[in-house]
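Descriptive structure summary
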Amino acid sequence: MTSKNTHQNNIPNHDSEEYVPGTGCCSSFEKTNPCLPVSSTGIQRRDFIKAMGLAAGGVMLGFPAFGKQTSAAYQIPIDKGLTEEWFEKLYQRGEPEVYKGKDLAYIGMPVGGLCTGTVYIGGDGKLWLWDIFNRQKEGVKSVTHDNWHGQRVRPRDGANYIFPMSPEYPFEQGFGLRISQNNKIWERSLDFKGFEDISFKAQYPIAEISYRDSQMPIEVDLQAFSPFIPLDVKNSSNPAAFMHFTITNTSKEEVKAELSGWLENAILRFTKDAEETELSNSIEKESGNTVLTCSARSKNIHNFSTTIVQNQRDFGTMSLMLIGNDSSTVGSAEIPVKSNLLFPENTTETATAEFGEQLCGGVSKTVRLNPGESQKITFIISWHFPNIELPQNDRSTGENKGRHYTNHFDDSREVAMELAANYQKLSYLTNLWREAFYENSSLPHWFLNRTFINTSILATETCFIFKDGRFWAWEGIGCCPGTCTHVWHYAQAIGRLFPELEKNLREKTDFAVMDRSSGGIDFRGGLAWRNAADGQAGVVLRAYRDYQMSEDDTFLKNNWDNIKLALKYLIDLDKEYGETANGMIYGEQHNTLDAEWFGYIPAITSLYLAALAAAVEMAKATGDISSEKEYLSILESGRKNIESLFNGEYFIQEEDPDHLDAIGIGKGCYIDQVFGQGWAFQLNLGRLYNKKMIQSSLDSLWKYNFVPDMGPLRDSLPPQIAGRPYAIHGDAGLVMCTWPLGGKREDWQRHWQFGYFNECMTGFEYQAASHMIWEDKLDEGLSIIKAIHERYGAAKRNPYNEIECSDHYSRAMASYGAFIAACGFSYNGPKRQLGFAPKIGPNDFSAAFTSAEGWGILAQTRKSSEQVNKIHIRYGKLKLKEITLELPEGKKVMNAKVDINGNEINALAQQSIGKTIISFNQVDLKENDTISVRISY
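The shown structure was predicted, so the numbers you read here are calculated from the model rather than taken from an experiment.

A word on the overall build of the protein. A count of helical and extended segments in the protein gives 21 helices and 39 strands. Taking 937 residues into account, the globule formula puts the C-alpha radius of gyration at 30 Å, and the protein, at 28 Å, falls close to it. Overall size of the protein, expressed as C-alpha extent along the three principal axes, is 85 × 70 × 60 Å. Counting only residues that meet the buried cut, the protein has 65% of its 937 residues in that class. Here the analysis covers contacts within the protein between residues at least 6 apart in sequence; of these, 73% occur between residues at least 24 apart.

Positionally, Tyr-816 belongs in helix α21 (residues 815–823). On a C-alpha basis, the gap between Tyr-816 and Gln-767 in space is 9.4 Å, while along the polypeptide they are 49 residues apart. Not counting residues up to four positions away in its chain, the partners in contact with Tyr-816 are Trp-433, Phe-437, Thr-451, Phe-452, Gln-492, Ala-493, Arg-496 and Leu-497.

Our next topic: helix α13 (residues 554–574). Between its terminal C-alpha atoms α13 stretches 30 Å, which fits the 30 Å expected from 21 residues at 1.5 Å a residue. When the local axis directions of α13 are compared, the greatest deviation, roughly 55°, occurs at Trp-560.

When its domains are assigned, the protein resolves into domain 1 (109–126 + 167–429), domain 2 (443–823) and domain 3 (825–936). For domain 2 versus domain 3, the distance between C-alpha centres works out to 30 Å. Across the boundary between the two partners, domain 2 contributes 23 residues, which contact 22 residues of domain 3. Summed over both sides, the interface between domain 2 and domain 3 buries roughly 1900 Å², with carbon and sulfur atoms accounting for 56% of that surface. Across the domain 2-domain 3 interface, the total number found is 2 salt bridges. For Glu-551, the salt bridge is made with Lys-879, and the minimal N-O distance between the two is 2.7 Å.

With that out of the way, let us pick up the environment of Lys-256. Mapped onto the fold, Lys-256 is located in strand β13 (residues 255–264). Judged by relative accessible area, which is 35%, Lys-256 ranks as partly exposed. As a C-alpha pair, Lys-256 and Thr-366 span 110 residues in sequence and 7.1 Å in three-dimensional space.

Strands sit in the order β31-β32-β33-β39-β35-β36 across an open sheet of 6 strands; the sheet is antiparallel. Every other strand in the sheet has two partners, leaving β31 (844–850) and β36 (903–905) as the edge strands with one partner each. Averaged over all pairs of adjacent strands, the angle between their axes in this sheet comes to 20°, without regard to strand direction. Two strands pair when backbone bridges link them, and strand β33 (residues 866–876) and strand β39 (residues 930–936) are joined in this way by 7 bridges, in the antiparallel orientation. Each residue of the ladder has a partner; that of Glu-866, found in β39, is Ser-936.

This brings us to the packing of helix α19 (residues 762–774) against α21. Angle between the axes and distance between the axes: these two values describe a pair of packed helices. Axis separation between α19 and α21 bottoms out at 8 Å; the angle between their running directions is 5°. Relative to α21, the element α19 is oriented roughly parallel. Residue-level inspection shows Tyr-766, Ser-770, Ile-773 and Trp-774 of α19 in contact with α21, the latter providing Ser-815, Gly-817, Ala-818, Ile-820, Ala-821 and Ala-822.

The next point concerns the pairing of β39. For β39, the buried fraction is high: 5 of the 7 residues fall into the buried class. Strand direction decides the pairing type here: strand β35 (residues 895–900) and β39, joined by 6 bridges, are antiparallel. Looking at the pairing, Asp-899 lines up with Ser-932 of β39.

Evaluated as defined, the whole model comprises 50 aromatic pairs. Plain terms: the ring middles of Trp-752 and Tyr-756 are 5.7 Å apart, the flat faces sit at 80° to each other, and that makes the pair edge-to-face. Its relative accessible area of 27% is what places Trp-752 among the partly exposed residues. Assessed through its relative accessible area of 4%, Tyr-756 is described here as buried.

All right, on to the pairing of strand β19 (residues 360–369) then. Counting buried residues along β19, 8 of its 10 residues qualify, which places the element largely inside the surrounding structure. Where β13 lies against β19, 10 bridges are found, and the strand directions are antiparallel. Looking at the pairing, Lys-256 lines up with Arg-368 of β19.

Sheet architecture is open: 5 strands sit in the order β29-β30-β34-β38-β37, paired in mixed fashion. Looking along the sheet, the strands with just one partner apiece sit at the ends: β29 (825–828) and β37 (908–912). On average, each strand axis in the sheet is inclined to that of its neighbour by 20°, with strand direction left out of account. Summarising the sheet, strand β34 (residues 878–885) and strand β38 (residues 915–925) pair through 7 bridges and their orientation is antiparallel. From the neighbouring strand, Glu-882 faces β38, where its bridge partner is Ser-919.

Attention now moves to the pattern of salt bridges. If the charged atoms of two oppositely charged side chains come close together, the side chains can form a pair. Following the criterion strictly, the structure yields 58 salt bridges and no others. Among the ionic pairs, Lys-401 bridges to Glu-399, the shortest N-O distance being 3.5 Å. For the salt bridge of Glu-461 with Arg-403, the shortest nitrogen-to-oxygen distance reads 3.0 Å. Here Arg-403 lies in the loop between β20 (374–384) and α6 (412–421) and Glu-461 lies in the loop between α8 (445–453) and β21 (463–465), a separation of 58 residues in the sequence.

Let us now look at the state of the cysteines. A full pass over the atoms with the stated rule returns 0 disulfides. The thiol sulfur of Cys-479 is not disulfide-bonded, and the nearest other cysteine sulfur, from Cys-480, lies at 3.3 Å.

Another aspect to go through is the side chain of Lys-126. Along the chain, Lys-126 turns up in the loop between β3 (118–122) and β4 (127–131). Salt bridges are absent for the buried Lys-126, whose nearest opposite-charge side chain, Asp-191, sits at 4.3 Å. In contact with Lys-126, not counting residues within four places along its chain, are Tyr-120, Ile-121, Tyr-169, Gln-173, Gly-174 and Asp-191.

Put simply, Tyr-204 and Pro-205 share a cis peptide bond, and its omega is 15°. Inspection of the secondary structure assignment puts Pro-205 in the loop between β9 (197–203) and β10 (206–212). With phi around 60°, Cys-115 is a residue other than glycine that occupies positive phi space. Residue placement: Cys-115 occurs in the loop between β2 (108–110) and β3. A positive phi is found at Asn-182, a non-glycine position, where the angle reads about 55°. If you trace the backbone, Asn-182 turns up in the loop between β7 (173–181) and β8 (184–189). Judged by relative accessible area, which is 55%, Asn-182 ranks as exposed.

How each quantity is defined
Residues numbered from 1 in each chain as written. Predicted model: local features only at pLDDT ≥ 70, side-chain atom pairs only at ≥ 80, totals over all residues. Heavy atoms only, no water. Helix = DSSP H or I, 4+ residues; strand = E, 2+ residues; numbered from the N terminus. Rg over C-alpha atoms; globule rule 2.2 N^0.38 Å. Buried < 20%, exposed > 50% of the residue type's maximum accessible area, 1.4 Å probe, protein only. Contact = heavy atoms within 4.5 Å. Expected span 1.5 Å × (residues − 1). Bend = angle between axes of the 7 residues up to and from the residue. Domains from an automatic or database assignment. Buried area = accessible area lost by both parts, 1.4 Å probe. Salt bridge = Lys/Arg side-chain N within 4 Å of Asp/Glu carboxyl O. Pairing = 2+ DSSP bridges. Axes fitted to C-alpha atoms, helices over the stretch in contact; angles between N-to-C directions. Parallel < 35°, antiparallel > 145°, perpendicular 65-115°, else oblique. Phe/Tyr/Trp six-rings, centres within 6.5 Å; stacked < 30°, edge-to-face > 60°. Disulfide = S-S within 2.5 Å. Lys, Arg positive; Asp, Glu negative; His and termini not counted.

In structure tokens, the structure reads:
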């Protein structure tokens, strides 16, 4: 194979000193994103931390090592020190994870709607953080540690990893109980101050908190969530949270219980100058509900400065609604704040306060409970802050994009009213998904939690839907703008759960900013002024998934020309210095590690091959025979040529001798070296290239890159190249790149990006682990994911905040790809095809699935001479005419029967290359239908 010379992206000239080619926003170069302030405040611990008995140092107090201890002259051990018991527990179903005691301290589970801000529910059931005011800060807490082990650590560098944020409450809000029985009265807040015995059951999107006290005659249980219904973006993106309480009388006598909720008016909380404005609270009773609404208004209707105030980011409304309205319901627009427990003692309907003064209102309901009786009381907390300025970086000014929810609601009261009217349906469907994903599954509870937790990133300030309908996101909160293609293509969750948002990215961002001549796609949606080779391939792959997750081929037909143009950009890179494309790219390749690499790079080449394979299938679907032939020809060449990069154990980079000043991996064992094959499995594209070489590469990643304890590795490196602390002492993880066979050039260390190679970043780890699961390397793949699960154990830090370049980092949604791999799931909506070949527990398996128009449960059971597979629809509908399954090795179909709800239909069974394909005339399944396949062998 002949080498190719340098390629330069087609980008405009930049004379401004602000422009720094080749740097990513995660670099140490401070000008890359100056719009987001980073403070140098110290660590702040709130009462919750003190109550849990934790020191201010948090995780830095030290934890036991994950595996075997290592020497000071550190070498990554080949023996990972993992016991048989460790591996056995990876596969055990176990119990739902429940946190208690000190494990509650750092919990912050996003509990608002998708793309509506970040509201956490804490381990004690109290809402905190309240990042709904459009402040645009970096991270959940903008704090920088100037000298942590010789490093300066900003939020984007892991500040909230090394010192996890504890609950902070920017205004008064809470719930409390007043219990009376036989002239005895108990008053307790529903949080750590009111109860010592609290438990938190973790199953996103629903949090369940229990409050117990043996000295009290009642028990209280809270279910908190915002409606979350896969495939339904509108009903899953409301700026609100349900707080559903159940009070049970555990005594032998009647109990009277009053449950109160209160809310401080926090409008314009972060605006400094609004003296001509007053805060206003109101209580209304409408449609059987009682609602407190907090707002702000001008004290003088002739005051023209009101317009300025109304454009402030934190101008809006907030509401607290109690569903149900009878004589036992009390609401007051103003409650004096005299303690941490507030009850409305009167029925004040309106109240005002000067700007800067405290104004708090509340609602409560009183119930009488007989012995053993339970009653339910439901609150809705809603918010409406319409002014959002995005995107912002050093080459763009902010403009008010507006929140999407302003298209549906004028204020928070309307939000609460609509949700109350639909509460039964929304609660049922959210619980139905939770039941399908967690309770009806046979997969381990820890695995389900970790692979789904990161979906909550969509419900944080990482993600937005603008008023014009465009979906837009940072990489992590407040850091690295533009829904970056080379990061977001790792995130498998969104395309499966909310495919509408992924299609939105293709049509409103990627293809909208694409250069119409070259096909290059600005990897930050118009903000980067350059293209990324890996992200470019990712757009093609995601477009194929978008097609698969569609009811028909409309999306593909509408976008096929754009998809071809995007692929043409990569093909032109391939043949830029040769007459024909050979399936390999040699020139400049900007990529997700924020640098331009040169030469033949296995990670990017594998993604290119996967994109070609996806394009072949799309060409077939559109009847584009000439494109199909072109792509297949290049793919066939690339399949052979990529083998030249295999060194006997793993794939390495063939460097360009004309660009030895550029950073790269060289002869390193790189985490993404066979990423394209992992992507291909996600899309049911089959084997891209040499199976033996690919599996050897995965074995090498485990052998050379899995570190049982990152502490000694970090200690062995100078601070300037140790990388960001996303895994520290006591944490295990898969590091980005190692050079076990030598070949690392020392001059690479002068590049700031070199530190990346010594880091553990969960999104990369998940994609590698998912690929291992697809390749039946279950021990290794599950161990990597379990290591992440333990790194983010509640005793150490917030389990719901995986950090890379800032908090709630989008790449972490690659975790859902591991779930897809564990199910061996495949789907093609337009072709009416669905398949599953479980990797974990195939003899008695069940798990949730999603399709273009519905979701439900997959199930498989095996006996000595029979296998039964079922697809049960729980929501929406599913159109099918082909089901692909996998029988035990060596088994042949003797007989196959298919029935729908017990009624047999005609079907044909065929076996091919380890797969059993069951085909039949199209059936349209609706909710509660079950299609079953019974195969005798």
